[in-house]
Amino acid sequence: MKVFLRYEDNDDESTHKTLKITLPKSWKSGPTSRLLEQFVESYNAGKEAESNMLDVSSLHLSVRRPDNTDDEISPLQDLPSDGIIIETISDRDDVYVCHGPSRTTSEISAERQAQLDKQKEEMKNLSKCIHFGCNNRFPKGGPYPECKYHSGPPVFHETAKYWSCCPDKKCFDFEDFLQLPTCQTGTCTDVRDESDGGRKEFMGGCDIREQLSGGPKLRSIDDFNKSVAAGGSEGAPVLERLRSVMEEIGVENELFDQVLEGVKKEVREKNGFSAERDDAQVVDEAVKALGEKLKNSMKAIAVEQLRIN
């Protein structure tokens, strides 16, 4: 295992030094502090130290690791002084010697947790703009920043992703979708209009088809017959199709039936029906409740992935 120890944390390039080390096998399970000590010993024995003697107690090691930013050069991440070399450094890594005292794993973790706690506390006093496509956050009660947003919700249909207000601008990649330009300008707000109480946060294929057809689609003869066989239940054929589709994507029929029975039980309790009742009304109400649960689950996944909220 080889590593490149680099000291470049000085404006005077004459003090810079790179040391290539082939690690002894016994070092791999040792702490990173051993690498720092080795570098400082070598550095102070060389010409660079004539004008820049290093003190091991005021230095630490860092590496560059990929992150989620758009920066061409990844930021440096500090290595804990008690971190195990083989677990924190890869073969042929560039390891940077930087000014500032080393910290242990627990000290770094405590600092990161403190930063997270601070961010959470700050977020409690911030509101998020409710306009589609705007991710601005601002103090509760204002002042409200300028806003660039979309007038309609996003559409995720098959592999296409676009904003319902800008149907001509479609993407197939999430990152490209997030970079689509907005179509409206105004002022951010955290207050919803009463008319927005039932607004959709995103639209799917069913919403698009319903819009194009001007209303719900007509039932097939097969669905009609199944509905009649189930005592007039509109939802019975839907459940049958859903059960089949869920099995195709890996959800066992037994699991589906168990969840459905649980939803039916909730419907009976909510409406004061007897425990034995299983007529068309119970089935139809169960379909609505199950659909709502599935939609909420999918919405939560989509929101997390696309950072809509």
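Described in the following lines is the structure provided in the data block.

Procedures and definitions
Residues numbered from 1 in each chain as written. Predicted model: local features only at pLDDT ≥ 70, side-chain atom pairs only at ≥ 80, totals over all residues. Heavy atoms only, no water. Helix = DSSP H or I, 4+ residues; strand = E, 2+ residues; numbered from the N terminus. Buried < 20%, exposed > 50% of the residue type's maximum accessible area, 1.4 Å probe, protein only. Contact = heavy atoms within 4.5 Å. Areas by Shrake-Rupley, 256 points an atom, 1.4 Å probe, with all protein chains shown as cover. Salt bridge = Lys/Arg side-chain N within 4 Å of Asp/Glu carboxyl O. Pairing = 2+ DSSP bridges. Expected span 1.5 Å × (residues − 1). Arc of directions from axis to C-beta. Axes fitted to C-alpha atoms, helices over the stretch in contact; angles between N-to-C directions. Phe/Tyr/Trp six-rings, centres within 6.5 Å; stacked < 30°, edge-to-face > 60°. Patch = residues over 30% accessible without salt bridge, like charges linked within 9 Å, V, L, I, M, F, W, Y side chains within 5 Å. Lys, Arg positive; Asp, Glu negative; His and termini not counted. Charge placed at Lys NZ, Arg CZ, Asp CG, Glu CD.

### What about the overall build of the protein chain?
Link 1 in the chain: When helices and strands are counted, the protein chain shows nine helices and twelve strands.
Link 2 in the chain: Considering the protein chain as a whole, with its 309 residues, one finds that 32% of them fall into the buried category.
Link 3 in the chain: Once local pairs closer than 6 in sequence are excluded, the contacts in the protein chain between residues at least 24 apart make up 53%.
Link 4 in the chain: As displayed, the protein chain has an accessible area near 19900 Å², and 50% of this comes from carbon and sulfur atoms.

### Comments concerning the pattern of salt bridges
Link 1 in the chain: The full count for this structure, using the stated rule, is eleven salt bridges.
Link 2 in the chain: Close ionic contact of Lys-264 with Glu-261 constitutes a salt bridge, the shortest N to O distance being 3.8 Å. Of this pair, Lys-264 and Glu-261 both sit in helix 8 (residues 253–271), three residues apart, roughly one helical turn.
Link 3 in the chain: Across the pair Glu-266 and Lys-293 runs a salt bridge, and its minimum N-O distance is 3.4 Å. In this pair, Glu-266 sits in helix 8 while Lys-293 sits in helix 9 (residues 280–306), placing the two residues 27 residues apart along the sequence.
Link 4 in the chain: Its relative accessible area of 40% is what places Glu-266 among the partly exposed residues.
Link 5 in the chain: Residues joined by salt bridges that share partners form a network here, namely Asp-78, Arg-103 and Glu-111.

### Points about the pairing of strand 10 (residues 160–163)
Link 1 in the chain: Residues Ala-160 and Tyr-162 line one face of strand 10 and the alternating positions Lys-161 and Trp-163 line the opposite face, and both faces are buried.
Link 2 in the chain: Linking strand 9 (residues 154–157) to strand 10, which pair antiparallel, is a turn of two residues; within it Glu-158 sits at a positive phi near 55°.
Link 3 in the chain: One ladder, built from two bridges, connects strand 10 with strand 11 (residues 166–171); its direction is antiparallel. Across the sheet, residue Lys-161 finds its bridge partner in strand 11, namely Cys-171.

### Notes on helix 1 (residues 33–44)
Link 1 in the chain: For helix 1, built from twelve residues, the straight-helix expectation of 16 Å at 1.5 Å per residue is met to within 8% by its first-to-last C-alpha distance of 16 Å.
Link 2 in the chain: Along helix 1, the positions that sit buried rather than exposed are Leu-35, Leu-36, Phe-39, Val-40 and Tyr-43. Relative to the axis of helix 1, the buried residues are bounded by an arc of 130° and lie together on one face.
Link 3 in the chain: The elements touched by buried residues of helix 1 are strand 1 (2–7), strand 2 (17–22), strand 3 (59–64), helix 2 (85–88) and strand 5 (93–99).

### Re the sheet that holds strand 3
Link 1 in the chain: Pairing is mixed across the open sheet formed by five strands, whose spatial order is 2-1-5-3-4. A strand with exactly one partner marks an edge of an open sheet, and here the two such strands are strand 2 and strand 4 (76–78). Pairwise comparison of adjacent strand axes, ignoring direction, gives a mean angle of 35° for this sheet.
Link 2 in the chain: As judged from the six bridges shared by strand 1 and strand 2, these two strands associate in the antiparallel manner. Residue pairing in the sheet places Phe-4 in a bridge with Lys-20 of strand 2.
Link 3 in the chain: Against the sheet, helix 1 engages strand 1, strand 2, strand 3 and strand 5, with an angle of about 125° to strand 2.

### Describing the packing of aromatic side chains
Link 1 in the chain: Per the stated rule, a full pass over the model turns up six aromatic pairs.
Link 2 in the chain: Their ring planes at 70° and their centres at 5.6 Å tell us that Phe-156 and Phe-177 sit as a pair that is edge-to-face. Linking Phe-156 in strand 9 with Phe-177 in helix 4 (residues 174–178), this pair joins segments that are 21 residues apart in sequence.
Link 3 in the chain: For Phe-156, a relative accessible area of 18% gives the class buried.
Link 4 in the chain: Where Phe-156 meets Phe-202, the ring centres are 5.8 Å apart and the plane angle is 40°; that geometry is what we call tilted. Separated by 46 residues along the polypeptide, Phe-156 in strand 9 and Phe-202 in the loop between strand 12 (184–187) and helix 5 (205–213) bring together distant segments of the chain. Summarising the burial analysis for this pair, Phe-156 and Phe-202 share the class buried.

### Overview of the sheet that holds strand 9
Link 1 in the chain: Judged by pairing direction, the sheet is antiparallel, and its three strands sit side by side in the order 9-10-11 without closing on themselves. The sheet terminates laterally at strand 9 and strand 11, the two strands that pair on one side only. Across this sheet, the average inter-strand angle for adjacent strands is 25°, counted without regard to direction.

### Quick look at the environment of Thr-182
Link 1 in the chain: Among the structural elements, Thr-182 can be located in the loop between helix 4 and strand 12.
Link 2 in the chain: Note: C-alpha distance between Thr-182 and Lys-148 (34 residues apart in sequence) is 6.0 Å.

### What about a negative patch on the surface?
Link 1 in the chain: There is a patch of like negative charges on the surface, built from Asp-9, Asp-11, Asp-12 and Glu-13.
Link 2 in the chain: Locating Asp-12 in the fold gives a position in the loop between strand 1 and strand 2.

### Structural notes on unusual backbone geometry
Link 1 in the chain: Across the junction of Gly-142 and Pro-143, the peptide omega takes the value 5°, indicating a cis bond.
Link 2 in the chain: Residue position: Pro-143 is located in the loop between strand 7 (137–139) and strand 8 (146–149).

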